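Understanding the architecture of this molecule
One letter stands for each residue in the lines below.
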Amino acid sequence: MSPSAVVPSPLVGALPSQAGEIEVDLADAAHCRAVDARLAQAIARGARSLDEALAVTLGADPRLVAQRMRALGWAPPAAMRPATGDAAQPWDPELHARDFEWYFTPECAAGLAARAGGPGRSVLCLGTPTVAFALLEAPGLRRVTLVDRNPLALRRHHHHAAALEAWHDDLAAARVPAGAYDAAVLDAPWYPDALRHWLGVAAAAVRPGGTVLLALLPALHRPSAPAERAAVLAHARALGRVAIDPGRLRYATPRFEHEALATAGLSVPAAWRRADLLELTVERPPAPPVGPVAPAREPAWVRFVIGPQVIHLDPHAPTEPGDALAPIDGRADFRYGSISTRDPRRATIGVWTSRSRVARVRRPELVAALLERLAAAGQRRALDHAPELGALPADERARLRRALHALLGPALD
Ligand SMILES: C[S@@+](CC[C@H](N)C(=O)[O-])C[C@H]1O[C@@H](n2cnc3c(N)ncnc32)[C@H](O)[C@@H]1O
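The paragraphs below set out a description of the structure included in this document.

About the criteria used
Residues numbered from 1 in each chain as written. Predicted model: local features only at pLDDT ≥ 70, side-chain atom pairs only at ≥ 80, totals over all residues. Helix = DSSP H or I, 4+ residues; strand = E, 2+ residues; numbered from the N terminus. Buried ≥ 20, exposed ≤ 12 C-beta atoms within 10 Å, placed from the backbone. Contact = placed C-beta atoms within 7 Å. Pairing = 2+ DSSP bridges. Axes fitted to C-alpha atoms, helices over the stretch in contact; angles between N-to-C directions. Near = placed C-beta within 6 Å. Nonpolar A, V, L, I, M, F, W, Y, C, P; charged D, E, K, R; others polar. Core = buried A, V, L, I, M, F, W, Y, C linked by C-beta atoms within 7 Å. Expected span 1.5 Å × (residues − 1). Left-handed = near helix turned anticlockwise from the far one by under 90°. Parallel < 35°, antiparallel > 145°, perpendicular 65-115°, else oblique.

1. Points about the overall build of the protein
When helices and strands are counted, the protein shows 14 helices and 12 strands. The buried share of the protein, taken over its 413 residues, is 45%. Sequence-distant contacts, at least 24 apart, represent 71% of the contacts inside the protein between residues at least 6 apart.

2. Quick notes on the sheet that holds strand S11 (residues 351-353)
Two strands in a sheet stick together by hydrogen bonds in their backbones, pointing the same way (parallel) or opposite ways (antiparallel). Pairing is antiparallel in the open sheet, where five strands are placed in the order S8-S9-S11-S12-S10. Taken across any chain shown, the strands that pair with only one partner, and hence form the sheet edges, are strand S8 (302-306) and strand S10 (325-326). As judged from the two bridges shared by S10 and strand S12 (residues 358-361), these two strands associate in the antiparallel manner. Its bridge partner being in S12, Ala326 is matched across the sheet by Arg360. Where helix H12 (residues 364-377) meets the sheet, it contacts S8, strand S9 (309-313), S10, S11 and S12, and its direction lies at approximately 35° from that of S8. Relative to the sheet, helix H14 (residues 394-408) contacts S8, S9, S10, S11 and S12, its axis offset from that of S11 by approximately 40°.

3. Let's talk about the sheet that holds strand S5 (residues 206-216)
What the seven strands build is an open sheet, ordered S3-S2-S1-S4-S5-S7-S6; its pairing is mixed. Whereas interior strands pair on both sides, the edge strands pair on one side only; in this sheet they are strand S3 (165-167) and strand S6 (240-250). Between one strand axis and the next, the sheet turns through 15° on average, direction left out of account. Relative to S5, strand S4 (residues 181-186) runs parallel, the two being bridged by five bridges. Within S5, the position partnered with Leu186 by the bridge is Leu214.

4. Describing the pairing of S8
When S8 meets S9, the two strands line up antiparallel, connected through five bridges. Residue Arg303 lies in a different strand from S9, and its bridge partner there is His312. Taken together, S8 and the strand that follows it, S9, pair antiparallel across an intervening segment of two residues, in which Gly307 is found at a positive phi of about 60°.

5. Observations concerning the site of the ligand
The immediate surroundings of the ligand are formed by 22 residues, with Gly127, Thr130, Asn150, Leu171 and Asp187 found nearest. Ranked by the residues each element gives to the shell around the ligand, the list is headed by helix H6 (residues 129-137), at three residues. Residues belonging to the shell around the ligand are distributed by class as follows: 12 nonpolar, four polar and six charged.

6. A closer look at the nonpolar core
Among the nonpolar cores identified, the biggest contains 118 residues, and Ala184 and Ala202 are the most heavily contacted of them. For this core, the leading source of residues is helix H9 (residues 192-205), giving nine residues. Other than its neighbours up to four places away in sequence, Ala184 contacts Leu124, Leu126, Ala202, Ala205, Val206 and Val212.

7. A few points about the pairing of strand S2 (residues 143-147)
Of all the five residues making up S2, four are buried; the element is thus mostly covered by neighbouring parts of the structure. Inspection of the sheet shows strand S1 (residues 122-126) paired to S2 by five bridges, in the parallel sense. Bridge pairing in S2 links Val123 to Val144.

8. A look at helix H2 (residues 29-44)
In this model, H2 (16 residues) spans 22 Å end to end at C-alpha, consistent with the 22 Å of a helix rising 1.5 Å per residue. Within H2, the full set of buried residues consists of His31, Cys32, Ala34, Val35, Asp36, Arg38, Leu39 and Ala42. Looking one or two residues past H2, Gly46 carries a phi angle of roughly 100°, positive in sign.

9. What about the environment of Asp148?
Along the chain, Asp148 turns up in the loop between S2 and helix H7 (152-156). In this structure, the C-alpha to C-alpha distance between Asp148 and Asp170, residues 22 residues apart in sequence, is 6.7 Å. Excluding its chain neighbours within four sequence positions, the residues that come into contact with Asp148 are Gly127, Pro129, Ala153 and His168.

10. Some words on the packing of helix H5 (residues 106-116) against H6
Close contact between H5 and H6 brings their axes to 8 Å; oriented N to C, the two are set at 65°. When you trace H5 past H6, the crossing you get is right-handed. Together, Ala109, Ala110, Leu112 and Ala113 of H5 and Thr130, Val131, Ala134 and Leu135 of H6 make up the contact between the two elements. When its residues are assigned to classes, the contact of H5 with H6 shows seven nonpolar, one polar and no charged.

11. Overview of unusual backbone geometry
Asp92 connects to Pro93 through a cis peptide bond whose omega is -5°. Examined against the element boundaries, Pro93 turns out to sit in the loop between helix H4 (62-71) and H5. With a phi angle near 65°, Phe334 is a residue other than glycine that sits in the positive phi range. The residue Phe334 is located in the loop between S10 and S11 in this model.

12. What about the packing of H9 against helix H10 (residues 225-239)?
The interhelical angle for the contact between H9 and H10, taken along N-to-C directions, is 15°, at an axis separation of 10 Å. In this view, H9 runs roughly parallel relative to H10, as classed from their interaxial angle. Classified by chirality, the crossing of H10 by H9 is right-handed. Contact with H9, carried on its side by Pro192, Leu195, Arg196, Leu199 and Ala203, involves Glu228, Ala231, Val232, His235, Ala236 and Leu239 of H10 and no other residues of that element. Its residues assigned to classes, the contact of H9 with H10 shows eight nonpolar, one polar and two charged.

Structural data, given as structure tokens:
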């Protein structure tokens with residue numbers, strides 16, 4: 001079948017938990033045609049598995065890729081093998097979707113460190129903790145600064161944390177000195193405001209002739225990705241010389257993504273996601289950004305670390321009558337098959353775990369108090385005599401305990 005003959009089809013053989021944003025992507029004919037064209041080329045070369053399909057579809061959502069494979073009549077059973085969601089998880093505490101924590105593979109982080117570092121050099125890492133720590137492995141650097149708003153990043157790398165100049169700031173509030181670094185490495189959340197702002201901060205922070213290394217979202221990450229990439233490239237070209245290394249950056253699939261895709265019926269490779277490396281040699285440095293430029297996309301949530309899991313809670317979830325924790329999709333197991341900010345269900349989520357379990361929260365103060373107890377004790381027994389639970393009617397109390405068990409899993413038993 002020629003790529004141009006492929007017409008976006010409705011959700012033929014839709015996967016379980018097919019989410020709204022996939023329907024939106026399917027409705028975008030140009031996006032679908034681009035995915036289909038890449039798939040058709042891969043089929044012509046003899047590719048047959050989802051892993052191979054993901055390697056050629058430039059960051060398209062695996063659920064969309066699987067759907068298009070089926071629509072193209074290319075759905076060998078192996079592509080849809082049962083998912084376990086139990087991929088190796090090297091990070092403690094675990095990474096979280098709400099923190100946009102897609103960490104590079106160790107080889108990729110080391111490669112970026114080698115490119116940015118070197119004896120006597122100073123490097124600024126914006127939202128790139130794995131690169132900051134890889135840099136510290138090499139002797140002789142003059143200065144390594146990490147700006148990352150998540151303090152858990154340092155807990156994951158405690159062996160090196162003391163050697164690092166680390167600011168737990170939101171980048172919108174950080175005051176980064178101008179012209180102070182030889183190189184900057186950044187991996188902003190892949191949204192236009194953030195990419196633009198972070199690139200401006202990085203370019204102002206390096207000396208003239210210095211290098212900025214930026215993770216550029218792949219072209220089929222979402223339908224708007226080509227326009228967003230073009231905007232970043234135009235911005236970068238206004239600042240200096242630009243080179244692109246396509247697909248150079250690789251991410252270790254985080255547990256939250258494995259779990260989400262497992263819920264959607266898919267199993268993906270250990271490092272399926274890639275980005276292009278944009279290398280900018282700064283020739284026309286911008287004035288340092290002033291004031292908060294990139295507005296926070298969502299109001300602040302609170303984090304709890306319970307065992308290895310990270311739990312995000314929306315303290316502003318509206319207090320309403322009904323169970324304090326309820327499934328958002330009628331799913332009694334509280335599993336959630338999406339990581340996209342475009343998913344329409346996202347607005348109803350009040351609590352979200354690093355293993356992609358979510359719930360609607362109707363009494364945020366009560367849930368916060370219970371999570372606090374669990375975080376402090378690290379054991380479910382901590383709830384046995386919790387006064388917050390004792391005050392509830394017995395049936396409501398039992399439902400709440402069951403919901404917490406489903407959300408957090410057996411880890412605390
Ligand atoms: C996409 S991850 C990149 C991680 C990188 N690939 C690595 O391996 O080190 C984005 C990082 O930026 C941080 N971050 C997200 N938004 C931020 C903000 N507004 N200010 C500062 N850090 C932020 C997150 O905590 C996360 O560590």
